[in-house]
Amino acid sequence: MTVETSFLGITLANPLMNASGVHCMTVAEMDELAQSAAGAFVTKTATRDYRAGNPQPRYVDVPLGSINSMGLPNEGLAYYLDYCLARQNQQALQFLSVVGLSYDEIVENLRTIEASDYQGVTEFNLSCPNVPGKPQIAYDFELTERLLTEVFSFFTKPLGLKLPPYFDIAHFDQMAAILNRFPLTYVNCVNSIGNGLYIDVDKEQVVIKPKGGFGGLGGDYIKPTALANVRAFHQRLNPSIKIIGTGGVRTGQDVFEHILCGASLVQVGTALHQEGVGIFERLVAELEAIMEAKGYTCLEDFQGKLREIN
Ligand SMILES: CC(C)(C)CCc1c(C(=O)O)[nH]c(=O)[nH]c1=O
């Protein structure tokens, strides 16, 4: 029995990796991920220029997960691109996360990656801010279609999309119809559930400083939504577009559930932040135990095979 998997024809020891934004801001953090049991890892979403991000407190662990409004702190695209270029011979599969603060910066950043010698995968974070007063790009279907059309007019390297959660069947249908028009390597479902609010009852106060306390939710809170998004896009997208499952992963059972819904790889955010990189050994052991108990010998035995009630 093995938890090995292959992605883009590259064999990974297991399907586990970090979620972008967690434990991947600096060379030291990324090196620790590279040396961990994780099958792969992704860099913090980069903008063209260095960003300090929002004032703290901007990330808080709470009983059932986490809330954050980091504000895209990152060292700038060149920092992460240089890191990946320097290591692309010794690392099997690399994921570089990118965004832009404007439509034009998104295009500029992707052109920079396309023009580089980078051979790895690019994860385009579609939860990027839109013009004020408009929803994030991934919730603006016309803009998403226009942007992907322009991107794929020049971008030839493997490209995945990090998507926010959707909550309406019509939105799954509309988004999948758009995505199926492009040669995407994968979609990553889901980013944090946006604009949640956590309250410190003793102080009768919010817990993060930015945005009046509103922030993206991660952890146990979001697993049912994450699983539904993995399942919905797995049911709707061309099989050539793989699914990465992210959201609410804390145990081997959570990993199993994401794969059952159709995930090829599974990312860990909040629980990685809380437990550290040792979590990957634990998740592998717990996943293997579940597979053993069920008599599965490989991930394909159960991947995407969630049953409905007939
Ligand atoms: C929300 C954005 C700041 C536009 C993108 C970066 C990001 C952040 C962040 O840097 O605040 N936090 C998340 O949970 N997901 C994200 O995609």
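Right above here is the structure, for reference.
As a convention, each chain's residues are numbered from 1 in the sequence order in which they are written. The predicted nature of this model means local features are confined to residues of pLDDT at least 70 and side-chain atom pairs, given and counted, to a pLDDT of 80 or more, with totals for whole chains, interfaces and linings taken over all residues. Here the side-chain values reflect all heavy atoms present in the structure, with hydrogen atoms and water set aside.

S.K.: Can you help me understand the environment of Glu-286 in this one?
M.R.: With respect to the element layout, Glu-286 can be found in helix α9 (residues 279-294). Taking relative accessible area as the criterion, Glu-286 reaches 28% and is therefore assigned partly exposed. In the structure, Glu-286 is positioned 21 residues away from Arg-307 in sequence and 22 Å away in space, judged by C-alpha atoms. Between two residues, a contact is recorded if the distance between any of their heavy atoms is within 4.5 Å. When residues no more than four places from it in sequence are discounted, the contact partners of Glu-286 are Thr-251 and Gly-252. In protein, a polar contact requires one atom able to donate a hydrogen and another able to accept it; more generally it is a pair of N or O atoms within 3.5 Å, and residues adjacent in sequence count only if both atoms are side-chain atoms. At 2.7 Å, the side chain of Glu-286 forms a polar contact with the backbone nitrogen of Gly-252. Helix and strand definitions follow DSSP, with helices as H or I runs of at least four residues and strands as E runs of at least two, each counted in order from the N terminus. Think of it in three bands: residues with accessible area under 20% of the maximum for their type are buried, residues over 50% are exposed, and the middle band is partly exposed, with areas taken using a 1.4 Å probe on protein chains only.

S.K.: Please explain α9 as it appears in this structure.
M.R.: An α-helix turns once per 3.6 residues; consequently, residues spaced three or four apart project the same way. The end-to-end C-alpha separation of α9 is 23 Å, in line with the 22 Å expected for 16 residues at 1.5 Å each. When we look at burial in α9, the residues that qualify are Ile-279, Phe-280, Leu-283, Val-284, Leu-287, Ile-290 and Met-291. Down the axis, α9 shows its buried residues gathered within 130 degrees of arc, on one side only. Among the exposed residues of α9, those pointing more than 90 degrees away from its buried face are Glu-292 and Ala-293. At its buried positions, α9 is contacted by β3 (16-18), α1 (27-34), α7 (252-260), β15 (265-268) and α8 (270-275). Following α9 by one or two positions, Gly-295 has its phi on the positive side, about 80 degrees. Here, expected helix span is obtained from the residue count minus one, scaled by 1.5 Å. What the arc covers is the set of directions going from the helix axis to the C-beta atoms.

S.K.: It is not clear to me how a nonpolar patch on the surface should be interpreted in this structure. Could you clarify?
M.R.: On the surface, Leu-197, Ile-199, Val-201 and Phe-214 cluster together into a nonpolar patch covering about 380 Å² of accessible area. Looking at the element boundaries, Val-201 is found in the loop between β11 (199-200) and β12 (205-206). Under the relative-accessibility criterion, Val-201 is labelled exposed at 62%. Each patch groups residues whose relative accessible area exceeds 30% and which form no salt bridge, using 9 Å between like charges and 5 Å between nonpolar side chains of Val, Leu, Ile, Met, Phe, Trp and Tyr. Residue burial considers only the protein chains on display, and all accessible areas are found by Shrake-Rupley using a 1.4 Å probe. Salt bridge, as used here: a side-chain nitrogen of Lys or Arg that lies within 4 Å of a carboxyl oxygen of Asp or Glu.

S.K.: What is the right way to look at the pattern of salt bridges in this model?
M.R.: Here the idea is simple: oppositely charged side chains can pair when their charged atoms come close. Scanning the entire structure with this criterion turns up twelve salt bridges. Linking Asp-49 and Arg-48 is a salt bridge whose minimum nitrogen-to-oxygen distance equals 3.0 Å. The exposure class of Arg-48 is partly exposed, given its relative accessible area of 40%. Among the ionic pairs, Glu-308 bridges to Arg-231, the shortest N-O distance being 3.1 Å. Of this pair, Glu-308 sits in the segment after α9 while Arg-231 sits in helix α6 (residues 223-236), and the two are 77 residues apart along the sequence. Residue classification places Arg-231 among the buried residues on the basis of a relative accessible area of 13%.

S.K.: Explain the side chain of Asn-125 to me, please; I cannot follow it from the model alone.
M.R.: Its location among the elements puts Asn-125 in strand β7 (residues 121-125). Among the residues examined, Asn-125 registers a relative accessible area of 12% and is labelled buried. Looking at Asn-125, its side chain comes within polar contact range of the main-chain nitrogen of Ser-127, at 2.9 Å. Discounting residues that sit within four places of it in the chain, Asn-125 has contacts with Thr-45, Ser-97, Val-98, Val-99, Lys-162 and Asn-191.

S.K.: Looking at this structure, how should I read the environment of Val-249?
M.R.: Among the structural elements, Val-249 can be located in the loop between β14 (242-246) and α7. With 199 residues separating them along the chain, Val-249 and Tyr-50 place their C-alpha atoms 30 Å apart. Non-local contacts of Val-249, meaning those with residues more than four positions away in its chain, are made with Asp-254, Val-255, His-258, Val-266, Gln-267, Val-268, Ala-271 and Leu-283.

S.K.: Hey, could you run me through the nonpolar core in this one?
M.R.: Within soluble globular proteins, side chains that are nonpolar generally end up buried alongside one another. Ranked by internal contacts, the top residues of the largest apolar core, which has 89 residues, are Leu-110, Leu-163, Leu-179, Val-187 and Phe-233. Of all the elements, α9 adds the most residues to this core, at seven residues. Beyond its immediate stretch of four places on either side in the chain, Val-187 contacts Leu-161, Leu-163, Leu-179, Phe-233, Leu-237, Ile-241, Lys-242, Ile-243 and Ile-244. Note on terminology: a nonpolar core comprises buried Ala, Val, Leu, Ile, Met, Phe, Trp, Tyr and Cys residues joined through side-chain atoms within 4.5 Å.

S.K.: How should I be thinking about the layout of surface pockets in this particular structure?
M.R.: Rolled over the atoms, a probe as big as a water molecule pinpoints where empty space is left. In this model, the second largest pocket occupies a volume close to 290 Å³. A cavity here means a set of points on a 1 Å grid, drawn over the protein atoms and nothing else, where a 1.4 Å probe fits but cannot get out; a pocket is an open set with protein on both sides within 12 Å along at least five of seven lines, and a residue lines either one if it has an atom within 4 Å of a point. Around the second largest pocket, the lining is made up of 20 residues, and of these Pro-239, Lys-242, Gly-262, Ser-264 and Gln-303 lie nearest the centre. Every element with two or more residues in the lining of the second largest pocket is listed here: β1 (5-7), α6 and β14. For the lining of the second largest pocket, the leading source of residues is β1, giving three residues. Gly is placed with the polar residues, together with every amino acid not listed as nonpolar (Ala, Val, Leu, Ile, Met, Phe, Trp, Tyr, Cys and Pro) or charged (Asp, Glu, Lys and Arg). Its residues assigned to classes, the lining of the second largest pocket comprises eleven nonpolar, seven polar and two charged. Grid points are joined across faces, edges and corners, and a volume is the space filled by probe spheres set on the points.

S.K.: Can you walk me through the packing of α7 against α9 in this structure?
M.R.: The packing of two helices is summarised by the inter-axis angle and the distance between the axes. Comment: axis = line fitted to C-alpha atoms, over the contacting stretch for helices; angle = value between 0 and 180 degrees taken between N-to-C directions. Look at α7 against α9: their axes get within 7 Å of each other, and the N-to-C directions meet at 65 degrees. Helix-helix and strand crossings are classified by hand; for α7 and α9 the assignment is right-handed. Packed against α7, whose contacting residues are Gly-252, Gln-253, Val-255, Phe-256 and Ile-259, the element α9 presents Leu-283, Glu-286, Leu-287, Ile-290 and Lys-294 at the interface. Here the contact of α7 with α9 is composed, by residue class, of six nonpolar, two polar and two charged. Each crossing gets its hand from how the near helix is turned against the far one by less than a right angle, where anticlockwise is left-handed and clockwise is right-handed.

S.K.: Is there a simple way to explain the sheet that holds strand β10 (residues 193-197) in this structure?
M.R.: Within a sheet, neighbouring strands are paired by backbone hydrogen bonds and run either parallel or antiparallel to one another. Strands sit in the order β4-β5-β13-β10 across an open sheet of four strands; the sheet is antiparallel. The two strands at the open ends of the sheet, each matched to only one other strand, are β4 (59-62) and β10. Averaged over all pairs of adjacent strands, the angle between strand axes in this sheet comes to 40 degrees, irrespective of strand direction. What makes two strands pair is DSSP finding at least two bridges between them. Bridging between strand β5 (residues 65-68) and strand β13 (residues 214-219) involves four bridges; their strand directions are antiparallel. Within β13, the position partnered with Ile-67 by the bridge is Leu-217.

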